[in-house]
Amino acid sequence: MNFFPTPYPDEVLYSTLGRYCIRSGNVREIHNFEDLFGTKNCIASLELPSKLNNLVENMPVNSPYTADGLIYNNTLFPFYASFTPPDRAEKIIESMRSGRGGDAYIRLGLVSNSITLNQYFKFCPECFKEDIEIYGEPYWHRIHQITGVFMCPKHKTPIYNSNQLIKAGNRQRFINASEENCIIEKEIEYPDENIEKMIWMAEDAEVLLNNRFGFKEQEWFKSQFRAKLIEKGYARMNNFVHQKTLRRDFIDFYSEGYLELVQSPIKDKGQNWLSSMVRNNSRITFALRYLLLARFLEIPLYTLFNEKIGFSSKENNIDSYQKLWEERLIELCQLDLSIRDIASALDSTPKTVRKAIDDLGIKPFWKYNGGGKYINKKYTATNEFRTKRKESREKWIELLAKYPDKSSNQIKGYNQALYRWLTKYDIEWLRQHSRTIQTTPTTVDWDKRDREILTKVKEVVKGMREGKPERITWTTIGSKLGISGWLSKRKDRLPLTREYIESVRENLKEFQIRKIRWAISKLEGEGREITFWNVVETAGVKPSYMKYISEEVHEILFKKGCNYSFLSILDNK
Ligand SMILES: [Zn+2]
């Protein structure tokens, strides 16, 4: 090559090479490959190109580019590889420097796993216009080509498919962005509630592209997530994860539709990617899913990669989890439970439990029952038993107090092991301390119930409208009443309640507006200035969202006779 075009900001290498081909003057496209890579034996690759050592060698003397520089600044490697362990990341870089074309894709699991990469080259119409103005030509941006990114982080507007397939027939040529292939055939409009999530994803992906956080083993991320799961009440120190609650809240948070869109739906039952991600295993999943979980758990990316979350630094997280897990295993082994029960209590597998029992040299109760440790005594005559009984009774009483409106039968679900132990060794006491709750009669008077619930719902809604705003939805109302499990499912039986809730529930936009209204009143009450930043901060609304509600905000401010400068900031947002 006797020249090499300078890559534009966030330009994907594929696009720079495409611009080389336009300018090279080569008549036959294949000659471009010889210029660039010194071989005809390679194809154009958008996400993770290879043979970059060759490319750099063929550049004009004194070119400032290195293979590693191109990998980090002009390919999708920093996104797709951000959560892979160091040794694997190194291998991927190696295959991009000098390996075969598909190696990097295979090593990243992009070939075998269930993710389907984008089919078409994508573009942001706003960026497209700006690029022509500034550089005189359009180009493919890296951030727009990431599978799962639907918004341009710069313009906060939808990204569009061009009409060019990435993997079309002839892969020995480069397709440049142009007026002909970057056409909007139909305006895209995403539902309000998805927009915020899409912008998060775009912003997070951009952070990954533009930072070199360094690579970490899976244990690091697992431990970061685990610490936050414990803090948020989704997991206990003994490695138990409340999978059901986690799954429900996660789906509530993102909505099924959005998760479907980012190829990460969560099945109702059994194994799913989310449950696998929060378990102790070293499985690596699609980078995007780490971002989903990190946002859900409110872990900023910088923290996720660089700051140990949770316990004080004196003890390594993994070690202390391991220790607690083992202590709990020993405890469970003394309860005369089957391996399967122990495994389920530990949220682990029978195989792991069996191995741990062997490793730790634990003699499970079923092994020494009738021999060994208690050779001269019955278990029930030991001090260990008496201590255990005292503790178990206390735990049971605690549970009864914690769930005053639940029956023993329901409560046992919160600690199966405890219940089994008491049934086996302390059944009389347990009978005296059990509780039955009048279950709902088979014929429910739905009309009566509807009226009762309506009254309660009205109170709850009234409460939610005072104080710091909380979004009014079926779910939030249901959970305030402790009946989120069935309220919205039975809405057909509750016509009055349904009508009322439907009339007061808010979509995301209405909710954001209410937050703004509330924030303005609050600032007024506190005698603080009503500025753009004061309002967004007090309301907890993202500055970038303001433009979607600028009309409404204008109106609120207009009625308050607010100053002009604030309005103009809004217009510029
Ligand atoms: Zn844009």
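Keep in mind that what you see is a predicted model, and the values were worked out from it rather than measured.

Definitions and limits used
Residues numbered from 1 in each chain as written. Predicted model: local features only at pLDDT ≥ 70, side-chain atom pairs only at ≥ 80, totals over all residues. Heavy atoms only, no water. Helix = DSSP H or I, 4+ residues; strand = E, 2+ residues; numbered from the N terminus. Contact = heavy atoms within 4.5 Å. Areas by Shrake-Rupley, 256 points an atom, 1.4 Å probe, with all protein chains shown as cover. Lys, Arg positive; Asp, Glu negative; His and termini not counted. Charge placed at Lys NZ, Arg CZ, Asp CG, Glu CD. Axes fitted to C-alpha atoms, helices over the stretch in contact; angles between N-to-C directions. Parallel < 35°, antiparallel > 145°, perpendicular 65-115°, else oblique. Left-handed = near helix turned anticlockwise from the far one by under 90°. Nonpolar A, V, L, I, M, F, W, Y, C, P; charged D, E, K, R; others polar. Buried < 20%, exposed > 50% of the residue type's maximum accessible area, 1.4 Å probe, protein only. Salt bridge = Lys/Arg side-chain N within 4 Å of Asp/Glu carboxyl O. Polar contact = N/O pair within 3.5 Å; in protein donor to acceptor, adjacent residues only side chain to side chain. Donors = N, O, S within 2.8 Å, 3.2 Å for Na, K, Ca; no water. Tetrahedral: all angles 85-135°; square planar, octahedral: opposite > 155°, others 65-115°.

**Description of the overall build of the chain**
When you go through the chain residue by residue, the secondary structure sums to 30 helices and two strands. Structurally, the chain occupies a C-alpha span of about 95 × 70 × 45 Å along its principal axes. Contacts in the chain between residues at least 24 apart in sequence constitute 68% of all its contacts with a sequence separation of at least 6. Carbon and sulfur atoms form 49% of the exposed surface of the chain, whose accessible area is close to 30,000 Å². Across the chain, the centroid of the 89 positively charged side chains sits 8 Å from that of the 75 negatively charged ones.

**Some thoughts on the packing of helix α20 (residues 383-402) against helix α22 (residues 416-425)**
Contact pair α20 / α22: the axes reach a minimum separation of 10 Å and the direction vectors enclose 125°. Looking at the two axes, α20 sits oblique to α22. Here α20 runs over α22; the crossing is left-handed. Of the residues in α22, those touching α20 at F385, K388, R389, S392, R393, K395, W396 and L399 are L418, Y419, W421, L422 and Y425. In terms of residue class, the contact of α20 with α22 is built from eight nonpolar, one polar and four charged.

**Some remarks on helix α14 (residues 287-296)**
Burial analysis of α14 places nine of its 10 residues in the buried class, the great majority of the element. Among the residues of α14, those classed as buried are A287, L288, R289, Y290, L291, L292, L293, A294 and F296. Where α14 terminates, the next one or two residues include E298, which has phi positive at roughly 60°.

**Looking at the environment of E180**
In this fold, E180 is placed in the loop between β2 (160-165) and α9 (192-210). Residue classification places E180 among the exposed residues on the basis of a relative accessible area of 59%. As a C-alpha pair, E180 and S162 span 18 residues in sequence and 9.0 Å in three-dimensional space.

**Observations regarding the side chain of K216**
Mapped onto the elements, K216 comes out in the loop between α9 and α10 (218-231). Here K216 is buried and forms no salt bridge, its nearest opposite-charge partner E217 lying at an N-O distance of 11 Å. A polar contact of 2.7 Å, which involves the side chain of K216, links it to the backbone oxygen of F305. When residues no more than four places from it in sequence are discounted, the contact partners of K216 are T84, P85, P86, F221 and F305.

**Focus on the coordination of the zinc ion**
For the zinc ion, the full set of protein donor atoms is C124 (SG), C127 (SG), C152 (SG) and H155 (ND1), at a range of 2.1 to 2.3 Å. What the four donor atoms of the zinc ion show is an angle range of 105 to 112° at the metal, which sorts the shape as tetrahedral. Summarised as a motif, the one-chain spacing of the donors to the zinc ion is C-x2-C-x24-C-x2-H. Taken together, the positions of C127 in helix α8 (residues 125-135) and C152 in the loop between α8 and β2 put the pair 25 residues apart, joining distant regions of the chain. Look at C127 and you get buried, because its relative accessible area is 4%. C152 sits in the buried class, given a relative accessible area of 2%.

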